[in-house]
Amino acid sequence: MSSLLIRDGVLVDPAAGLERPGHLLVRDGVIAAIDPRGAAADRVVDAAGALVLPGFVDMHVHLREPGFEHKETIATGLLAAVRGGFTAVAPMPNTQPVCDSPQVYKLVLDRAAAVRLAHVHPIAAITTGSRGTELADLARLAALGCRAFSNDGQPVEDAATMLRAMEVVRRLGGVVIDHCEDKTLSRGGAMHAGPEAERWGVTGQSPLAEEVHIARDVLLAEAADCRLHIAHLSTARGLELVRWARRRGVAVTAEAAPHHFCLSTADMPGPDPNYKMNPPLRPPADRDALVGGLAAGDIDVIATDHAPHADAEKARGFQDAPPGVIGLETAVPLIMDRLYHTGRMGIGQIALACAVLPARILGAPARSLQPGAAAHLTLIDPDRPTVIARDGFASRSRNTPFEGWRLRGAVRATIVDGEVRYHIN
Ligand SMILES: [Zn+2]
Ligand SMILES: [Zn+2]
């Protein structure tokens, strides 16, 4: 028997309508009581001034192992996760080899279990090698517990193949996670097509590439009666399509990434590869629409799309650098500063978007403060200042556009299975 008392925090549990000061007792990895009588425990965490939230789940990350360990490893990625307040992450399958088989799926699970930091819920590829032709053995992956399937950066181009995949995923009780990009329209564009791209001589990518793909796949999901989750939604019109599909009763959810709701093309200092991601940063009106969508609950989830790349890879110049930015260790301060302190989202809404809903969509254990729930918890200091500094990251990579940002809000502790896996000094 081991016990942990989290004392004097503000307990936040949106599913239970809870938001008030209190104490939480954890015993053997499980929430035992809210406001327990008596205060004896093996370990006490002082949560005075902190918010005690259901454990955050980042449902869109790239851990790069196996195959690209110079960018990130499961160990460094999961250390970045717990330092960023995340109790679980869902890594995308674009590793080498691709996570399209029980062997690779189990390898990721085993290495993560050995690290004992955050949990992982690997996302498996929809098609073998993410090539878009043959379906992967989705049933065998599901038998191992996999419920989320995605080709992330290599979206399934053939509509009939996607429809067939959705029919299988529906029978397996899973969800298709969709990187929406019609490659015949994006044509390798390195940033949003607009005046900045023209000025800097960078190839532009039309937002139509994302929007056409969203439109196609909400219709396919309706036909297949399959759950569909739109990854890294970035445009106002894409959000309109999600709203339209929901009104029709399509089981579609969506996520937005901090870089898309904090930055726009207007923030780009020039063709700096740390501002290159896919989908690209959009004009300010799209960024504002994403904030509105999060505030309204039409965008269900905040996910980082943590995409580490080595400095040398990002140094190839804007056109040739790989897209993506790291996000695990910058998300919480950005969310608190840009959404909470601005009054756009209440803390209960943030707990839904960062913990409750991503866990539910992935089929992961419920994030809750109620007795009986697994003790996965994120403690946040809402007012503690954070300065984003590339030298302070646990991630193996440093590619962030937020270097030097001063933000209000910081992770105080991350608790997984009732164990304190990260705590500020
Ligand atoms: Zn993607
Ligand atoms: Zn991604």
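Residues numbered from 1 in each chain as written. Chains lettered and ligands numbered in written order. Predicted model: local features only at pLDDT ≥ 70, side-chain atom pairs only at ≥ 80, totals over all residues.

A few points about the overall build of the chain
Right, on to step 1. Looking only at helices and strands, the chain features 13 helices and 18 strands.
Right, on to step 2. The globule rule puts the C-alpha radius of gyration for 425 residues at 22 Å, and the 20 Å found for the chain is close to it.
Right, on to step 3. Structurally, the chain occupies a C-alpha span of about 65 × 45 × 45 Å along its principal axes.
Right, on to step 4. When burial is assessed residue by residue, the chain has 56% of its 425 residues classed as buried.
Right, on to step 5. Pairs at least 24 apart in sequence give 76% of the contacts found in the chain among residues at least 6 apart. (Helix = DSSP H or I, 4+ residues; strand = E, 2+ residues; numbered from the N terminus. Rg over C-alpha atoms; globule rule 2.2 N^0.38 Å. Buried ≥ 20, exposed ≤ 12 C-beta atoms within 10 Å, placed from the backbone. Contact = placed C-beta atoms within 7 Å.)

Some words on the domain arrangement of the chain
Right, on to step 1. One can read the domain layout of the chain as domain 1 (3-51 + 374-423) and domain 2 (55-362).
Right, on to step 2. The centre of domain 1, based on its C-alpha atoms, is set 25 Å off from the matching centre of domain 2.
Right, on to step 3. At the junction of the two partners, domain 1 supplies 31 residues and domain 2 supplies 44 residues.
Right, on to step 4. Those elements giving two or more residues to the side of domain 1 that touches domain 2 turn out to be β16 (377-387), β17 (406-416) and β18 (419-423).
Right, on to step 5. A class-by-class count of the residues in the side of domain 1 that touches domain 2 yields 17 nonpolar, 9 polar and 5 charged. (Domains from an automatic or database assignment. Nonpolar A, V, L, I, M, F, W, Y, C, P; charged D, E, K, R; others polar.)

Focus: the sheet that holds strand β7 (residues 86-91)
Right, on to step 1. Read across the sheet, 3 strands follow the order β6-β7-β8 without closing on themselves; strand pairing throughout is parallel. Single-partner strands in this sheet number two, and they are β6 (56-61) and β8 (119-120).
Right, on to step 2. Pairing analysis gives 2 bridges linking β7 to β8, with the strands arranged parallel. Across the sheet, residue Val 89 finds its bridge partner in β8, namely Val 120.
Right, on to step 3. Together, β6 and β7 form the strand contacts of helix α13 (residues 347-362), whose direction differs from that of β6 by roughly 55°. (Pairing = 2+ DSSP bridges. Axes fitted to C-alpha atoms, helices over the stretch in contact; angles between N-to-C directions.)

Some words on the sheet that holds strand β9 (residues 148-149)
Right, on to step 1. Strand order in the open sheet formed by 5 strands is β9-β10-β13-β14-β15, with parallel pairing between adjacent strands. Both outer strands of the open sheet, β9 and β15 (301-302), are each paired with one neighbouring strand and no more.
Right, on to step 2. In this structure, strand β13 (residues 227-230) lies alongside strand β14 (residues 252-256), joined through 3 bridges in parallel fashion. Each bridged residue has a counterpart across the sheet, and for Ile 230 the counterpart in β14 is Ala 254.

Section: the environment of Thr 386
Right, on to step 1. Relative to the elements of secondary structure, Thr 386 occurs in strand β16.
Right, on to step 2. Thr 386 gets classed as buried once you count the C-beta atoms within 10 Å, which come to 22.
Right, on to step 3. Here the alpha-carbon distance between Thr 386 and Arg 408, two residues 22 residues apart in the chain, equals 6.1 Å.
Right, on to step 4. Every residue in contact with Thr 386, bar those within four places of it in the chain, is listed here: Pro 333, Leu 407, Gly 409 and Ala 410.

Section: the nonpolar core
Right, on to step 1. If you look at the biggest cluster of nonpolar residues, it comprises 131 residues, and the most contacted ones within it are Val 52 and Val 176.
Right, on to step 2. In terms of residue count, α13 provides more of this core than any other element does, 11 residues in total.
Right, on to step 3. Each of two domains, domain 1 (3-51 + 374-423) and domain 2 (55-362), supplies a minimum of three residues to this core. (Core = buried A, V, L, I, M, F, W, Y, C linked by C-beta atoms within 7 Å.)

Considerations on the packing of helix α7 (residues 208-224) against helix α8 (residues 236-247)
Right, on to step 1. Between α7 and α8, whose axes approach to 9 Å, the crossing angle comes to 10°. Taken together, the axes of α7 and α8 lie roughly parallel to each other. Here Glu 210, Glu 211, Ile 214, Ala 215 and Val 218 of α7 lie close against α8, whose contacting residues are Arg 237, Gly 238, Leu 241 and Ala 245.
Right, on to step 2. Broken down by class, the residue content of the contact of α7 with α8 amounts to 5 nonpolar, 1 polar and 3 charged. (Parallel < 35°, antiparallel > 145°, perpendicular 65-115°, else oblique.)

Quick word on helix α4 (residues 159-171)
Right, on to step 1. End to end, α4 covers 19 Å across 13 residues, agreeing with the expected 18 Å (1.5 Å per residue, within 8%).
Right, on to step 2. Every buried residue belonging to α4 is among Met 162, Ala 165, Met 166 and Val 169, and all of these are buried. Projected down its long axis, α4 carries its buried residues within an arc of 100°, all on one side.
Right, on to step 3. Elements that come into contact with the buried residues of α4 comprise α3 (138-143), β9, β10 (175-178) and α7.
Right, on to step 4. Positive backbone phi, approximately 75°, marks Gly 173, located one or two places after α4. (Expected span 1.5 Å × (residues − 1). Arc of directions from axis to C-beta.)

Regarding the pairing of strand β1 (residues 3-13)
Right, on to step 1. Most of β1 sits inside the fold, with 8 of its 11 residues counted as buried.
Right, on to step 2. Here 9 bridges tie β1 to strand β2 (residues 18-27), and the two strands are oriented antiparallel to one another. Pairing of Val 12 across the sheet is with Glu 19, part of β2.
Right, on to step 3. Here β1 hands over to β2 after 4 residues, with Gly 17 in that stretch at a positive phi of 65°.
Right, on to step 4. In this structure, β1 lies alongside strand β4 (residues 43-46), joined through 4 bridges in parallel fashion. Counted as the bridge partner of Leu 5 is Val 44 from β4.

What about α7?
Right, on to step 1. Spanning 17 residues, α7 covers 24 Å between terminal C-alpha atoms, matching the ideal 24 Å at 1.5 Å per step.
Right, on to step 2. The complete set of buried residues in α7 reads Ala 209, Glu 210, Glu 211, His 213, Ile 214, Asp 217, Val 218, Leu 220, Ala 221 and Ala 224.
Right, on to step 3. Following α7 by one or two positions, Asp 225 has its phi on the positive side, about 55°.

Quick word on the packing of α4 against α7
Right, on to step 1. Their axes nearest at 9 Å, the elements α4 and α7 cross at an angle of 45°. Taken together, the axes of α4 and α7 lie oblique to each other. Here α4 and α7 pass one another in a crossing that is right-handed. Across the interface between the two elements, Ala 159, Met 162, Leu 163, Met 166, Glu 167 and Arg 170 of α4 pack against Arg 216, Asp 217, Leu 220, Ala 221, Ala 223 and Ala 224 of α7.
Right, on to step 2. In terms of residue class, the contact of α4 with α7 is built from 8 nonpolar, no polar and 4 charged. (Left-handed = near helix turned anticlockwise from the far one by under 90°.)

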